[in-house]
Amino acid sequence: DAGSLLWDQSHMIQSGTFTGSYRLGEATREVPGWRGQRDHSWGVRDHGRIPMWMWLAIQFDDGMLGVWHWELANGARVFTDGCWAPADGTEPVPVVDFRHDLHWTDGRGDVVGYGGDGAAVDGLAGTVVFTLADSTEVTVEGRGRWCAPYRPLYGGGQHLMAVRTHDGRRGTAVYEVTGRDHHRFFPSPA
């Protein structure tokens, strides 16, 4: 396993406003302009051998914030990349720094440890801070629930989040936190 390829991923994100309808059972509901994103990724992603990988796609009326962030087990940063993509089509602004203070939550929204398998985890909450190349700092508070837990194959999963910035903008997001051995998120490697 030493020297083997762990991660070689391509990822496409398309953010915007979506209009249409969906059907659940016999009921059809209109979608009158939901903010959101669709994404597709492909390639090698060995989540079970990565200490911690985080991907966030945050949607606001005026644009989208996105980041990919990878840390070692002790929290040392390996990789961070992302941008602020304005909805008006102007040039994206790169993310030059990223910090997070996220924690797992249970079904009541209380902080809970991940343990060995995340059995007590129902969601994710906390703060992330983006620093952009133009020196803008954006603080985002979020809270959400698992929509795609990755257990039992590896830790973490994807969460649907309600978010709010320090300046009062509200939005929606997908936060993915995954991995196997990380001092904060996965302190008990399986």
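Read on for an overview of the structure.

Details of the pattern of salt bridges
Move 1: A full pass over the atoms with the stated rule returns 10 salt bridges.
Move 2: A salt bridge links Arg108 to Asp106, with the nearest nitrogen and oxygen atoms 3.1 Å apart.
Move 3: For Arg145, the salt bridge goes to Asp122, with nearest N and O atoms at 2.8 Å. Pair noted here: Arg145 is in strand β8 (residues 137–149) and Asp122 is in the loop between β6 (93–105) and β7 (123–132), with a separation of 23 residues, a long-range link.
Move 4: Linked by salt bridges that have partners in common, Arg77, Asp97, Arg99 and Glu137 make up one network.

With respect to the packing of aromatic side chains
Move 1: Throughout the structure, instances matching the rule amount to eight aromatic pairs.
Move 2: Their ring planes at 85° and their centres at 5.0 Å tell us that Tyr114 and Phe186 sit as a pair that is edge-to-face. Placement of Tyr114 in the loop between β6 and β7 and of Phe186 in the segment after β10 (170–179) is noted, with a sequence separation of 72 residues between them.
Move 3: Each residue in the set Trp104, Tyr114, Trp146, Phe185 and Phe186 is aromatic and connected to the rest through ring pairs, giving one cluster.

The rules behind the values
Residues numbered from 1 in each chain as written. Predicted model: local features only at pLDDT ≥ 70, side-chain atom pairs only at ≥ 80, totals over all residues. Heavy atoms only, no water. Salt bridge = Lys/Arg side-chain N within 4 Å of Asp/Glu carboxyl O. Helix = DSSP H or I, 4+ residues; strand = E, 2+ residues; numbered from the N terminus. Phe/Tyr/Trp six-rings, centres within 6.5 Å; stacked < 30°, edge-to-face > 60°.

The values are spatial; any link to function lies outside them.
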